Structure formats: C-alpha cells, structure tokens
Amino acid sequence: MGRIRPHRRSSSGNQLKALPVEAMYASGVSLFTLVIYGAIIGVSVYMKGETPNFIGGIGMLGFFVALGSLIFNIGQMKTKTEIKYRVTCLSISAVTLIIWITPIVLGLIN
C-alpha cells in the first residue's frame, strides 16, 4: 500500500492545505450518475421509448444521488481545504445536476 499524506507540502517545505477528499468522492459519485444517465438514454433508444417503469425509477434515483452530491459539496465549501478544488468539485456536481434536470423540465413543458 502507498503512503497516505493528509497534507501536501510546497517546494519550500511549507505545509499546504489538505485536499477536499470527501468533496472529490462526492463529485465522482455525481459523475457516475452521468454513466447511469447515458445507460438510461441508451436503453430508451434501443427499446424505442417502450421502457419498463423501473428504468424511470433508476433515473429518479440517479437524480436524487446527484442532488445529494451537490448538497454535500455545498456543505464542503465551509471546510478549510483548498478553495480551487472545492469550487471545481461543486461545479462538477452542479453541471451534473443541470444535465439531470434538463429532461425533467423538458418533459414537464411538453
């Protein structure tokens, strides 16, 4: 196993702030929901729109997981870790949630 370093050091030896590992995990989970999103779209195209009800349930589950990831990353903005990584993780979760919300809104409009 590799060595675990909770804090990074700069080239001059000063200790830098820790990376927001939890926020990175939440962003990874959020990105994984996009894989589920793509699979649902693929199944829907393959079945010509005649998808079973559980596919919609999986879609709603993916949406709620992406929403939870965004809420978690908003909460991570209060931590004392590096700001650029926190903002990056938050933006990844926000874009993922926007991708999930788009077909829902389009479905409500039509």
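All figures in this text were calculated on a predicted structure; none of them were measured in a lab. (Residues numbered from 1 in each chain as written. Predicted model: local features only at pLDDT ≥ 70, side-chain atom pairs only at ≥ 80, totals over all residues. Heavy atoms only, no water.)

Participant: What exactly am I supposed to notice about the packing of aromatic side chains here?
Facilitator: For any pair of aromatic rings, the description consists of the separation of the ring centres together with the inter-plane angle of the planes. A complete count under the given rule lists 2 aromatic pairs for this structure. Where Tyr-37 meets Trp-100, the ring centres are 5.1 Å apart and the plane angle is 75 degrees; that geometry is what we call edge-to-face. Taken together, the residues Tyr-37 in helix H1 (residues 21-46) and Trp-100 in helix H3 (residues 83-109) connect sequence positions 63 residues apart. A relative accessible area of 5% means that Trp-100 is categorised as buried. (Phe/Tyr/Trp six-rings, centres within 6.5 Å; stacked < 30°, edge-to-face > 60°. Helix = DSSP H or I, 4+ residues; strand = E, 2+ residues; numbered from the N terminus. Buried < 20%, exposed > 50% of the residue type's maximum accessible area, 1.4 Å probe, protein only.)

Participant: For this particular structure, what's the right way to read unusual backbone geometry?
Facilitator: Trans peptide bonds make up most of the peptide bonds, and negative phi angles are found at most residues other than glycine. At Lys-48, a residue that is not glycine, the phi angle is positive and equals roughly 55 degrees. Secondary-structure assignment places Lys-48 in the loop between H1 and helix H2 (53-76).

Participant: Just to check I follow, could you spell out the UniProt feature "transmembrane region" (unreviewed entry) in the chain for this structure?
Facilitator: Residues annotated in UniProt with the feature "transmembrane region" (unreviewed entry) correspond here to residues 21-47, 53-75 and 87-109. Strand forms 0% of residues 87-109 and helix 100%; the C-alpha atoms that close the span are 32 Å apart. (UniProt positions renumbered as here; feature names shortened; annotations may be inferred.)

Participant: Which parts of the structure should I look at to understand H2?
Facilitator: Along an α-helix, a turn takes 3.6 residues, which lines up residues three or four apart on a common side. With 24 residues, H2 should reach 34 Å at 1.5 Å per residue; the first-to-last C-alpha distance of 35 Å fits that figure. Among the residues of H2, Ile-55, Gly-59, Gly-62, Phe-63, Ala-66, Ser-69, Leu-70, Asn-73 and Gln-76 are the ones counted as buried. Elements in contact with the buried residues of H2: H1 and H3. (Expected span 1.5 Å × (residues − 1). Contact = heavy atoms within 4.5 Å.)

Participant: Even after reading the chapter, I still don't get H1, so can you show me in this structure?
Facilitator: Along its 26 residues, H1 runs 38 Å from first to last C-alpha, staying within 8% of the 38 Å computed at 1.5 Å per residue. Three or more residues of H1 are buried, namely Ala-23, Ala-26, Ser-27, Ser-30, Thr-33 and Ile-40. Packed against the buried residues of H1 are H2 and H3. Remark: Lys-48 follows H1 within two positions and exhibits a positive phi of approximately 55 degrees.

Participant: I would appreciate a short explanation of the nonpolar core in the present structure.
Facilitator: Grouped burial of nonpolar side chains is what soluble globular proteins tend to show. In terms of nonpolar packing, the biggest core is built from 7 residues, these being Ile-40, Ile-55, Phe-63, Ala-66, Leu-70, Leu-97 and Trp-100. Every element with two or more residues in this core is listed here: H2 and H3. By residue number, the principal contributor to this core is H2, which donates 4 residues. Once residues within four sequence positions are removed from consideration, Ile-40 is found in contact with Ile-55, Ile-58, Gly-59 and Trp-100. (Core = buried A, V, L, I, M, F, W, Y, C linked by side-chain atoms within 4.5 Å.)

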